[in-house]
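# Coordinates in review
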Amino acid sequence: MSKSITVNTDRAPSPAGHYAQAKLAGQHLYISGQLPIRPGGEPLADDSFETQTRQAIDNMLAVLEAAGGTPADLVRVTAYIVGVSNWPRFNQVYAARLGNARPARTVVPVPELHYGYHIEVDAIAVLAQSAPAGPAANGPE
């Protein structure tokens, strides 16, 4: 039985709780929910929906890249957005950030998110390799 590898990068915010940025199990990468927080920990709760969305997606993509992936490797993305009225705005930023990649996706309108954020995204990717190279991986757990 293979063990999972913890994936971390300083290009996304460090986990604020008892979880990892991502876990790589074989070729499957499970990216934890990413909030609109800059990599250094600066929150963007007072910024526009579009700014928050760009940051949350960029955090997700940074974790994906740290594991050796690209947007084309994404197979599933889930976005939790505050207010169904933000759906078109989310879709516009999402499409611009992911380009030609079109993973399966679910958008879940919610009444509120932690700390007043407007968005959180998580993802699953299938990578061509089974382990990232370099400092992104913390080893088996």
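Our subject in this report is the structure included herewith. A quick note: this is a predicted structure, and the numbers were derived from the prediction, not measured.

## Section: the overall build of the chain
- Looking only at helices and strands, the chain features 2 helices and 7 strands.
- Starting at the N terminus, the α and β elements of the chain follow one another as β-β-β-α-β-α-β-β-β.
- Expressed as a percentage of the 141 residues in the chain, the buried residues total 41%.
- Taking contacts inside the chain between residues at least 6 apart in sequence as the whole, the part at least 24 apart equals 72%.
- By element, 52% of the accessible surface of the chain is carried by carbon and sulfur atoms, the whole surface being about 7400 Å².

## Topic: the nonpolar core
- Residues Leu-29, Ile-31, Ile-57, Met-60, Leu-64, Leu-74 and Phe-90 are the most contacted members of the largest nonpolar core, which totals 32 residues.
- Counting only elements with at least two residues in this core, the list comes to strand 1 (5-7), strand 2 (22-25), strand 3 (28-34), helix 1 (49-66), strand 4 (74-82), helix 2 (87-98) and strand 6 (119-126).
- In terms of residues, this core owes the most to one element, helix 1, which gives 9 residues.
- When sequence neighbours within four positions are dropped, the list of residues in contact with Phe-90 reads Phe-49, Thr-53, Ile-57, Ala-79, Ile-81, Arg-105, Val-107, Ile-119 and Val-121.

## Quick notes on the pairing of strand 5 (residues 104-110)
- Here strand 4 runs beside strand 5; their pairing, made up of 7 bridges, is parallel. For Val-77, the partnering residue across the bridge sits in strand 5 and is Arg-105.
- Crossover strand 4 to strand 5 through helix 2 is right-handed.

## Some remarks on the packing of aromatic side chains
- Scanning the entire structure with this criterion turns up 2 aromatic pairs.
- With centroids separated by 6.2 Å and ring planes inclined at 75°, the aromatic side chains of Tyr-115 and Tyr-117 adopt a geometry described as edge-to-face.
- The exposure class of Tyr-115 is exposed, given its relative accessible area of 61%.
- You can call Tyr-117 buried: its relative accessible area is 5%.
- Seen from the ring of Tyr-94, Arg-105 lies directly overhead, with NZ or CZ sitting 4.7 Å from the centre.

What counts and what doesn't
Residues numbered from 1 in each chain as written. Predicted model: local features only at pLDDT ≥ 70, side-chain atom pairs only at ≥ 80, totals over all residues. Heavy atoms only, no water. Helix = DSSP H or I, 4+ residues; strand = E, 2+ residues; numbered from the N terminus. Buried < 20%, exposed > 50% of the residue type's maximum accessible area, 1.4 Å probe, protein only. Contact = heavy atoms within 4.5 Å. Areas by Shrake-Rupley, 256 points an atom, 1.4 Å probe, with all protein chains shown as cover. Core = buried A, V, L, I, M, F, W, Y, C linked by side-chain atoms within 4.5 Å. Pairing = 2+ DSSP bridges. Right-handed = clockwise from strand over helix to strand, strands pointing away. Phe/Tyr/Trp six-rings, centres within 6.5 Å; stacked < 30°, edge-to-face > 60°. Lys NZ or Arg CZ within 6 Å of the ring centre and 35° of its normal.

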